[in-house]
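Observations on chain architecture
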Amino acid sequence: MQSLITLVLVLMPMFIGFAIPSNPKMTILADKGLSYLVFIILTLIGIELSQVEGLGSQVGEIALYVTVLSILTIGTGLIGLMVFDRLKPWQAKQPVAKSKAHRVSIRGSLAQVICVVIGMVIGYFLPENYMPPENTMTVLLMILILLVGIGLKGSGITLKEVLLNKRGVEMSVIFTLAVLVGGVIFAMLFSEVSWTKGLALASGFGWYSLSAIVMTDAYGAIWGSVALFNDLIREFFALIFIPVFMRKYPSAAVGLGGATSLDFTLPIIQQSGGLKVVPLAISFGFIINIVSPVLMVLFSSLG
């Protein structure tokens, strides 16, 4: 229920953005606002990551599990959506309004990662009293979604295309099944991992803050850490490679972020693919954000 409430709170500004009468100036301002906001959000992500307790001390113990699980879950999801892109190429609706061109290059994605690293450094040295307020990220994400809504309205993209996106639904099904296959393979490789545990660990889909809590409650701190690092790696992998895959494999690029394609990696998706890919990302991310907690709780409750 809490995850659904969070989704409603984050997506509500998008409805407001669609309700605001659009004009060319407002659309241009929204596009510029998104460009600046992405750097602020990525820096705050770095600050939040620096505050994860015991991050360094557990790396040695769980490194093997994390390496194998991340390769399997990221790899199976990526392959599944790349095949989908090949078999059913995406024909995106071109926005009516012109927006800033976005170049696809590793250089751009490295700039995003640098923002995260800078944030981690700031978070490490920043006194606790000067840390950003707890709800800062939520507020910025709501502003982000508001600007996206304004931009989409001015670009001729309807709300129906955002929330009832057929390709977004198809992507969600393929991504979910493919990543769960990765979880099953992970369980087959390690005798101490049951198939239900493998499926539960794979079901985080990049939602590291939630998966760490659910897996710790279900299997203890070690496996909670495995889930945390697995989903953190997905997020960093997405930051780097979304622009790389966007040109030839847009569905795979969007799917790289998993649950974060609705929020944390949405700025990178928008920057590398333009406004036309945002409805697809929001549709996919919305569904994955609902499916992820359900599957984690379901599989972990089975043993």
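Since we're looking at a predicted model, the values are computed, not measured. Throughout this document, residue positions are counted from 1 along each chain, in the order its sequence is written. Only residues with pLDDT of 70 or above have their local features reported here, since the model is predicted, and side-chain atom pairs are shown and tallied only from 80 upward, although totals for entire chains, interfaces and linings are computed over all residues. Side-chain measures were taken over the full set of non-hydrogen atoms in the model, leaving aside hydrogen atoms and water.

On to the overall build of the protein, then. Within the protein, the regular secondary structure consists of 13 helices and 0 strands. Listed by position from the N terminus, the elements making up the protein come as α-α-α-α-α-α-α-α-α-α-α-α-α. Here the protein holds 303 residues, and the buried ones make up 52% of them. Surface exposure here means Shrake-Rupley accessible area, sampled with a 1.4 Å probe, where a residue is shielded only by the protein chains that are shown. Approximately 14,000 Å² of the protein is accessible, and the part contributed by carbon and sulfur atoms is 70%. Comment: elements are numbered from the N terminus, with helices defined as DSSP H or I runs of at least four residues and strands as E runs of at least two. Accessible area is worked out with a 1.4 Å probe on protein chains only. A residue is then buried under 20% of its type maximum, exposed over 50%, and partly exposed in between.

On to helix α12 (residues 266-273). Counted residue by residue, α12 has 8 buried out of 8 residues, so it is predominantly covered. Regarding α12, the residues found buried are L266, P267, I268, I269, Q270, Q271, S272 and G273. Phi turns positive one or two residues past the end of α12, at G274, with a value near 85 degrees.

This part takes up the packing of helix α8 (residues 195-202) against helix α13 (residues 278-301). Each axis is a line fitted through C-alpha atoms, taken for helices only over the stretch in contact, and angles between the N-to-C directions span 0 to 180 degrees. Viewed as axis vectors pointing N to C, α8 and α13 meet at an angle of 160 degrees, and their least axial separation amounts to 8 Å. Comparing the axis directions of α8 and α13 gives the class roughly antiparallel. In this structure, the crossing between α8 and α13 has a hand that is left-handed. On α13, the residues touching T196, L199 and A200 of α8 are M296, F299 and S300. Any residue that is not Ala, Val, Leu, Ile, Met, Phe, Trp, Tyr, Cys, Pro, Asp, Glu, Lys or Arg is counted as polar, Gly included; the first ten are nonpolar and the last four charged. Grouping the amino acids of the contact of α8 with α13 by side-chain chemistry returns 4 nonpolar, 2 polar and no charged. These descriptions rest on fixed angle ranges, namely under 35 degrees for roughly parallel, over 145 for roughly antiparallel, 65 to 115 for roughly perpendicular, and the rest for oblique. Crossings are classed by handedness, with left-handed meaning an anticlockwise turn of the near helix from the far one by less than a right angle and right-handed meaning a clockwise turn. Residue contacts follow a heavy-atom distance rule, with two residues in contact if any of their heavy atoms lie within 4.5 Å.

Let us look at the environment of G274. Inspection of the secondary structure puts G274 in the loop between α12 and α13. Since its relative accessible area comes to 7%, G274 is described here as buried. Measuring from C-alpha to C-alpha, the distance between G274 and D31 comes to 9.7 Å, with 243 residues separating the pair along the chain.

Here the focus is a nonpolar patch on the surface. A cluster of nonpolar side chains, V181, V184, I185, M188 and L189, forms an exposed patch at the surface whose accessible area comes to about 460 Å². With respect to the secondary-structure elements, M188 resides in helix α7 (residues 166-189). Here M188 falls in the exposed class, since its relative accessible area comes to 68%. Two joining distances apply to patches: 9 Å for like charges and 5 Å for nonpolar side chains (Val, Leu, Ile, Met, Phe, Trp, Tyr), and every residue must have over 30% relative accessible area and no salt bridge. One speaks of a salt bridge when a side-chain nitrogen belonging to Lys or Arg is within 4 Å of a carboxyl oxygen belonging to Asp or Glu.

In this section: the pattern of salt bridges. Two side chains of opposite charge can pair, provided their charged atoms sit close to one another. Tallied over the full model, the rule gives 2 salt bridges. A salt bridge links E170 to K88; its shortest N-O distance comes to 2.9 Å. Remark: K88 occurs in the loop between α3 (59-87) and α4 (106-125) and E170 occurs in helix α7; sequence separation between them is 82 residues.

Between α7 and α13, whose axes approach to 9 Å, the crossing angle comes to 35 degrees. At the point where α7 passes α13, the crossing takes the right-handed sense. Across the interface between the two elements, R167, G168, V169, M171, S172, F175, T176 and L180 of α7 pack against L280, S283, F284, I287, I288, V291, L295 and F299 of α13. Across the contact of α7 with α13, the residue classes break down as 11 nonpolar, 4 polar and 1 charged.

Next up on the list: the packing of aromatic side chains. Two rings belonging to Phe, Tyr or Trp (six-membered ring only in the last case) form a pair when the distance between their centres is within 6.5 Å. Interplanar angles under 30 degrees mark stacking, angles over 60 mark edge-to-face geometry, and anything in between is tilted. On inspection of all chains with the given rule, the structure shows 9 aromatic pairs. A centroid spacing of 5.3 Å and a plane angle of 85 degrees characterise the contact between F175 and F284, whose relative ring orientation is edge-to-face. Remark: F284 occurs in helix α13 and F175 occurs in helix α7; sequence separation between them is 109 residues. One aromatic cluster is present, formed by Y65, F186, F190 and W223 through successive ring pairs.

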